[in-house]
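Examination of the molecular architecture
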Amino acid sequence: MSSIETKSRVFSGVRANARPHVGNYLGAIKGMVELQDKFDCIFSVVDLHTVLVPYDPKTLQQSIRDVVLDYLGAGLDPKKCHITIQSHLAAEHLELAYYLGCVYPVSRIEDLPTYKEKKAQYPDYINVGLLYYPILMAADILLYNAELVPIGIDNEPHLEVAREMARKFNGMYGTKLVEPKRYATTGGSVPSLVGEGKMSKSKGGTIILTDSLEEIKAVLAKAVTDSGQGDKFPETGPAANLVTFVELFEGHDKAQQYRSMYKESGIRYGDLKAELAEAIYKELQPIQEKRKYFEEHPEEVDKILADGKEYAQKIARETLEEVRQKMGLV
Ligand code: TRP
């Protein structure tokens, strides 16, 4: 049995509603790979968060496995971090979520921008589960006394809830739940190829980590373009987005060349897209090879998940023991 590490703890979770795409990879996963060298990391597939919006039970197991394989392919190393499936520790996560929910006002949850967004997204599915989203997320983190949570800025309101819950709970019961901070990973924001804002599964036009060169080309073929020429390189819009992609995958110099070209001869998007597709594929190839190894060795993946569960469960049970005692439940 592995002993509990004394380094600062990091927890992060990813839902299994869709496969991680290159935006998730550059924005989050690459950062997680760096963190595993410095901290005691627990990275979880938060499948209990997956079932609180409409989903397909028939494909859920495969979706969970795909996320695990993508993580391992992208470089999460089971010798350096712990990988868990949230539902394998359902008893622990849900028990703490319940206690936290008992001390937190419904009105604060209803005010969260994410709750409002989900309500708008699934108007026929506004269930109690949705209110539990931030409570469960707080439990995910507080259960392990994680100090740092690598996650996008859009999740900051959820972290604020987790901190408030920890403070309130500690104040009421004298527990020592740790208030977590967001850890801003250095990864850039990857723009959408088909619309405004950042790349996201809901907008479509995403490139996932197992895409072949042909599939990447097909996604890029659909990417919006403009005339490719003008007096000034635009700060937003199709040209800006595609050149940001170039910057991320082919480097700054190449991107600058396109920016100048825009003001001179004009950008030929066919050529840009062909080169960019190759560059993206080159970045994904080693990930795909490593992923394939784990796909072909399912027993190794099962062992990684069993070890992750064992490690996490030990910490979770200690936290819960203390919480139950202070609450007068034992
Ligand atoms: N809310 C996260 C997302 O937007 C998922 C999540 C659930 C999470 N529990 C977590 C992230 C705990 C970090 C820590 O996908």
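Residues numbered from 1 in each chain as written. Predicted model: local features only at pLDDT ≥ 70, side-chain atom pairs only at ≥ 80, totals over all residues. Heavy atoms only, no water.

**Quick notes on the site of the ligand**
- Arg15, Tyr133, Asp140, Ile151 and Asn155 are the nearest of the 13 residues found near the ligand.
- Between a nitrogen atom of the ligand and a side-chain N or O atom of Asn155, the distance comes to 3.0 Å.
- When isolated, the ligand has an accessible area of 370 Å², and the protein chains bury 92% of it.
- Going through the elements one at a time, strand 1 (9-14) and helix 6 (128-142) are the ones with two or more residues in the shell around the ligand.
- Element by element, the count of residues in the shell around the ligand is highest for helix 6, at 4 residues. (Near = heavy atom within 4 Å. Polar contact = N/O pair within 3.5 Å; in protein donor to acceptor, adjacent residues only side chain to side chain. Areas by Shrake-Rupley, 256 points an atom, 1.4 Å probe, with all protein chains shown as cover. Helix = DSSP H or I, 4+ residues; strand = E, 2+ residues; numbered from the N terminus.)

**Points about the packing of aromatic side chains**
- For the structure shown, the criterion picks out 7 aromatic pairs.
- When the centroid spacing of 6.2 Å and the interplanar angle of 65° are considered together, the rings of Tyr98 and Tyr99 count as edge-to-face.
- Here Tyr99 falls in the buried class, since its relative accessible area comes to 10%.
- With 4.9 Å between their ring centres and 55° between their planes, Phe169 and Tyr173 make a pair best called tilted. Within this pair, Phe169 and its partner Tyr173 are both found in helix 7 (residues 156-173), separated by 4 residues, close to a single helical turn.
- For Phe169, a relative accessible area of 0% translates into the label buried. (Phe/Tyr/Trp six-rings, centres within 6.5 Å; stacked < 30°, edge-to-face > 60°. Buried < 20%, exposed > 50% of the residue type's maximum accessible area, 1.4 Å probe, protein only.)

**A few points about the layout of surface pockets**
- Of the pockets and cavities examined, the second largest pocket occupies roughly 250 Å³.
- Ser192, Gly195, Glu196, Gly237 and Asn241 are, among the 16 residues lining the second largest pocket, the residues nearest its centre.
- Here the lining of the second largest pocket is built from residues that sort into 7 nonpolar, 8 polar and 1 charged. (1 Å grid on protein atoms, 1.4 Å probe; cavity = no way out; pocket = protein on both sides within 12 Å on 5 of 7 lines; lining within 4 Å. Points joined across faces, edges and corners; volume = space filled by probe spheres on them. Nonpolar A, V, L, I, M, F, W, Y, C, P; charged D, E, K, R; others polar.)

Purely geometric numbers; function is a separate question.
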